[in-house]
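Observations on the model geometry
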Amino acid sequence: MAGIDLNADLGEGFGVWSLGDDDAMLGIVTSANVACGFHAGDPAGLLRVCRLAAERGVRIGAQVSYRDLAGFGRRFIDVAVDDLVADVVYQIGALQAIAHAAGSAVTYVKPHGALYNTIVTNHEQAAAVAAAVQLADASLPVLGMAGSAFFDEAAHVGLHTVAEAFADRAYRPDGQLVSRREPNAVLHDPAEIARRVVRLATSGQVAAVDGTQIAVSVESVCVHGDSPGAVQIASAVRDQLEAAGIEIRAFC
């Protein structure tokens, strides 16, 4: 693979509460999944992150989620389809305005947390999210998991899909992510994670928790900005990818 995108979830502070080091991460990644206020993020903080992303040439993506500030968007919500469509359209529109004010633009959409995991298999909610993106701006690519219900529904309405893998999350043998509620779902060793990502980028394979090798389609790699040691992990991943001759570049 000649090139790969690095993305991270940013803008997830709220008021006086901060999460992660957005400034440092924006010096490493090529795409920023910026919160839209439903799971995290406040307007002033999101404007600041979008301005920094614009200054550094980092692409801005709308990270849409369930309406769940208290649960950080990590709780499943059995929301009505019409409500979910409207919620996602609203979030994309809000971030589009903030990105425009920052001198940039929203260039893709990525679901967050429980919504991301739900629409891997739930076609009803997957179709709602795809419909919302198509309504808001049908030119926006969607970032997600290859082979998911979301990608099926996105393709059905003509959206461009971009497959991602996760640098610091454990995989099940079926290719889905291990739940954060289970032990060792999140990896923490920067060197181990960097080696894993290089293998992903060069062979399209990753070791599942049972040791089996599974195929993973990847155009972008997510390095979580809220994990302990996130900056060190992202730096190690970028350094090792570049050492392997792989160009770090945005997918859009």
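Below, the structure is looked at part by part. Nothing here was measured: the structure is a model prediction, and the numbers come from that model.

Rules of the game
Residues numbered from 1 in each chain as written. Predicted model: local features only at pLDDT ≥ 70, side-chain atom pairs only at ≥ 80, totals over all residues. Heavy atoms only, no water. Phe/Tyr/Trp six-rings, centres within 6.5 Å; stacked < 30°, edge-to-face > 60°. Helix = DSSP H or I, 4+ residues; strand = E, 2+ residues; numbered from the N terminus. Buried < 20%, exposed > 50% of the residue type's maximum accessible area, 1.4 Å probe, protein only. Expected span 1.5 Å × (residues − 1). Contact = heavy atoms within 4.5 Å. Polar contact = N/O pair within 3.5 Å; in protein donor to acceptor, adjacent residues only side chain to side chain.

1. Thoughts on the packing of aromatic side chains
By the definition in use, this model includes five aromatic pairs. When the centroid spacing of 5.8 Å and the interplanar angle of 35 degrees are considered together, the rings of F38 and Y90 count as tilted. With F38 in the loop between strand 2 (31-35) and helix 2 (43-56) and Y90 in helix 3 (residues 81-101), this pair connects stretches of sequence that are 52 residues apart. Judged by its relative accessible area of 56%, Y90 is exposed. Ring plane angle 85 degrees and centroid distance 5.6 Å describe the contact between Y116 and F166, whose orientation is recorded as edge-to-face.

2. Concerning helix 7 (residues 190-203)
Taking 1.5 Å per residue as the helical rise, helix 7 with its 14 residues ought to reach 20 Å, and the 20 Å between its terminal C-alpha atoms agrees with that figure. All buried positions along helix 7 are accounted for by I193, A194, R196, V197, V198, L200 and A201. Where helix 7 is buried, its residues touch strand 1 (3-10), strand 6 (161-166), strand 7 (205-207), strand 9 (220-222) and helix 8 (230-243). Capping of helix 7 at its N-terminal end is provided by D189; its side-chain oxygen lies 3.1 Å from the backbone amide nitrogen of A191. G204, located one to two residues past helix 7, shows a positive phi value of around 70 degrees.

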